[in-house]
Amino acid sequence: MADHVLALNAGSSSLKFGLYELVEGNRPSMRWHGQIERLGDAPRLLAESAGGRSINQALTDTQSHDEAIQAFLDMTREYLPDIQIRAIGHRVVHGGTVYSEPVRIDDKVLDTLAGFIPFAPLHQPFSLAGIRAASAAFPDTVQVACFDTAFHRTHPWVNDTFALPQSYYDKGVRRYGFHGLSYDYITQKLKEIAPSLYDGRVVIAHLGNGASMCAVSGGRAVASTMGFSALDGLPMGTRSGQLDPGVVLYMMQQEGMSADEIADMLYRNSGLLGLSGMSSDMRTLLAAETPEARKAIDYYVFRIRRELGAMSAALEGLDALVFTGGIGENAVQIRQRVCDGMRWIGIEMDPNRNADNGTVLSTDFSRVRILAIPTNEEMVIARAAARMVQ
């Protein structure tokens, strides 16, 4: 029986997975990755093996996370009958102030994580649902929680607090930062391919349907564009990004909107979708010719450039800018527009290298190195699970 670890990322209507064999030194080597999407609607299993084999099938009897786990088990029995899953790692959005590294899950940890639901009400319940489903399906297997907030626990106090009475900070109302698993992966990748940059001052731009930026110095997080919730900072596919709190008061007091209605507006109907009135997908907006699409892109780029300046100030200088995430890794036009006119900070992009989608995008004379590095949050989870096996 070959030892494996499983990385799970449970969302509201999906279950993403990565299955890794433990090879020499308990190093995870990917065998399958994919997702079960559209839970509760028209679920499908989409998966691809390291060897290029693919699965795309409807799952008529799969609606819950428990049933999604069962569908994954059915897949492994058919295609990988010789495996033993030694540990399962879970992406958990919020670890509060308690967890700054992965932790083995027990009942006490689950209770603690449930206490963070008010801090991430649209994400944390689904993380916990995935954990409970996996625990039921694999009752004797080590379960490991890996936190999106953990990477940011090294922020100095000034980047961690709001100008509110101290009692709120003590209750946990502070800047947490998110996308930490992605930043962890990129930082470790820099340590591998560019040690001098790892030791320096780096801004990582995780640009996808969710988007944020992180300032990293010597491999440690210094500041993030996201704060108390995953709403803050950059505009996203459907999320607003930075917003004057007075806007929320206006919605409540003048338009009579409830908390649920405001949450629905800010999380699901704002961002690129709200600005453009047509789509949350950057590919669609880049292909469109409408003024609204152009304005949405203009605002998106402007906010990235603004936050790039802020992150550089927090670092007291800049040695590298790294693009990652679906947009950061693939949207040539967005990367070019972000970097155009940034020579004042030492950024000089090579248009040809950018168009070729290589790793290094800066000119040979640019003081700041520009890179595009694909992220791999599942690998970070798998490594943590493998460590727990040891």
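Right, let's walk through the structure included here. (Residues numbered from 1 in each chain as written. Predicted model: local features only at pLDDT ≥ 70, side-chain atom pairs only at ≥ 80, totals over all residues. Heavy atoms only, no water.)

Structural notes on the overall build of the protein
Along the backbone of the protein there are 15 helices and 13 strands. Dimensions of the protein, computed from the C-alpha atoms along their principal axes, are close to 60 × 55 × 45 Å. Going through the 390 residues of the protein one by one, you find that 51% of them count as buried. Intrachain contacts of the protein at a sequence separation of at least 6 include 61% that bridge at least 24 residues. When the accessible area of the protein is evaluated, it comes to approximately 17700 Å², of which 48% is carbon and sulfur surface. Within the protein, one finds 36 positive and 44 negative side-chain charges whose respective centroids are separated by 4 Å. (Helix = DSSP H or I, 4+ residues; strand = E, 2+ residues; numbered from the N terminus. Buried < 20%, exposed > 50% of the residue type's maximum accessible area, 1.4 Å probe, protein only. Contact = heavy atoms within 4.5 Å. Areas by Shrake-Rupley, 256 points an atom, 1.4 Å probe, with all protein chains shown as cover. Lys, Arg positive; Asp, Glu negative; His and termini not counted. Charge placed at Lys NZ, Arg CZ, Asp CG, Glu CD.)

Looking at the sheet that holds strand S11 (residues 220-224)
For sheets, the rule is that strands pair by backbone hydrogen bonds, running either parallel or antiparallel. Pairing in this open sheet of 5 strands is mixed, and the strands run S11-S10-S9-S12-S13 from one edge to the other. The sheet is open, and its two edges are formed by S11 and strand S13 (369-372), each paired on a single side. Taken over all neighbouring pairs, the strand axes of this sheet differ in orientation by 25° on average, direction set aside. Sheet topology places strand S9 (residues 201-207) next to strand S12 (residues 320-324); 5 bridges connect them, and they run parallel. Of the residues in S12, the one forming a bridge with Val 203 is Leu 321. Against the sheet, helix H5 (residues 180-193) contacts S9, strand S10 (211-217) and S12, and its axis sits at roughly 135° relative to S9. (Pairing = 2+ DSSP bridges. Axes fitted to C-alpha atoms, helices over the stretch in contact; angles between N-to-C directions.)

A look at the pattern of salt bridges
Inspection of every chain in the model, using the stated rule, returns 16 salt bridges. Between Arg 27 and Glu 24 there is a salt bridge, and its shortest N-O distance comes to 2.9 Å. Assessed through its relative accessible area of 43%, Arg 27 is described here as partly exposed. For Glu 24, a relative accessible area of 58% puts it in the exposed group. Residue Arg 353 is joined to Asp 350 by a salt bridge in which the shortest nitrogen-to-oxygen separation is 3.8 Å. By relative accessible area, Asp 350 is classed as buried at 17%. (Salt bridge = Lys/Arg side-chain N within 4 Å of Asp/Glu carboxyl O.)

Looking at the side chain of Asp 160
Position of Asp 160 relative to the elements: it lies in the loop between strand S8 (142-147) and helix H4 (166-171). Among the residues examined, Asp 160 registers a relative accessible area of 5% and is labelled buried. A polar atom in the side chain of Asp 160 sits 3.1 Å from the side chain of Tyr 169. Ignoring sequence-local partners within four residues, the contact set of Asp 160 consists of Arg 153, Tyr 169, Arg 174 and Arg 175. (Polar contact = N/O pair within 3.5 Å; in protein donor to acceptor, adjacent residues only side chain to side chain.)

Looking at the pairing of strand S5 (residues 54-58)
Bridging between strand S4 (residues 44-49) and S5 involves 5 bridges; their strand directions are antiparallel. Among the inter-strand pairings, Glu 48 is bridged to a residue of S5, identified as Ser 54. Between S4 and S5, which follow one another and run antiparallel, lie 4 residues, and Gly 52 among them has a positive phi close to 95°.

Examining the sheet that holds strand S7 (residues 103-104)
Ordered by their spatial adjacency, 8 strands build an open sheet running S5-S4-S3-S2-S1-S6-S8-S7, and the pairing between neighbours is mixed. The open sheet has two edge strands with one neighbour each: S5 and S7. The sheet contact formed by strand S2 (residues 15-23) and strand S3 (residues 27-37) spans 9 bridges and is antiparallel. For Val 23, the partnering residue across the bridge sits in S3 and is Arg 27.

Brief notes about the packing of aromatic side chains
Under the criterion given, the structure shown has 8 aromatic pairs. On the basis of an interplanar angle of 50° and a centroid distance of 5.5 Å, the ring pair of Trp 32 and Tyr 79 is categorised as tilted. Of this pair, Trp 32 sits in strand S3 while Tyr 79 sits in helix H1 (residues 65-79), and the two are 47 residues apart along the sequence. These aromatic residues form a ring-pair network of at least three members: Phe 116, Phe 119, Tyr 176 and Phe 228. The ring of Tyr 169 has Arg 174 sitting right over it, with the charged end atom 3.7 Å from the ring centre. (Phe/Tyr/Trp six-rings, centres within 6.5 Å; stacked < 30°, edge-to-face > 60°. Lys NZ or Arg CZ within 6 Å of the ring centre and 35° of its normal.)

As for unusual backbone geometry
You will see that Asn 26, though not glycine, has its phi angle at about 60°, which is positive. If you trace the backbone, Asn 26 turns up in the loop between S2 and S3. Note on Asn 26: relative accessible area 25%, which makes it partly exposed. At His 179, a residue that is not glycine, the phi angle is positive and equals roughly 55°. Inspection of the secondary structure assignment puts His 179 in the loop between H4 and H5. A relative accessible area of 9% means that His 179 is categorised as buried.

What about the pairing of S3?
What sits between the antiparallel neighbours S2 and S3 is a turn of 3 residues, in which Gly 25 has the positive phi angle 70°. Pairing geometry for S3 and S4, over 6 bridges, is antiparallel. Looking at the pairing, Gln 35 lines up with Leu 46 of S4. Remark: 6 residues form the turn of the hairpin made by S3 and S4, two consecutive strands paired antiparallel; Arg 38 in that turn has positive phi of roughly 60°.

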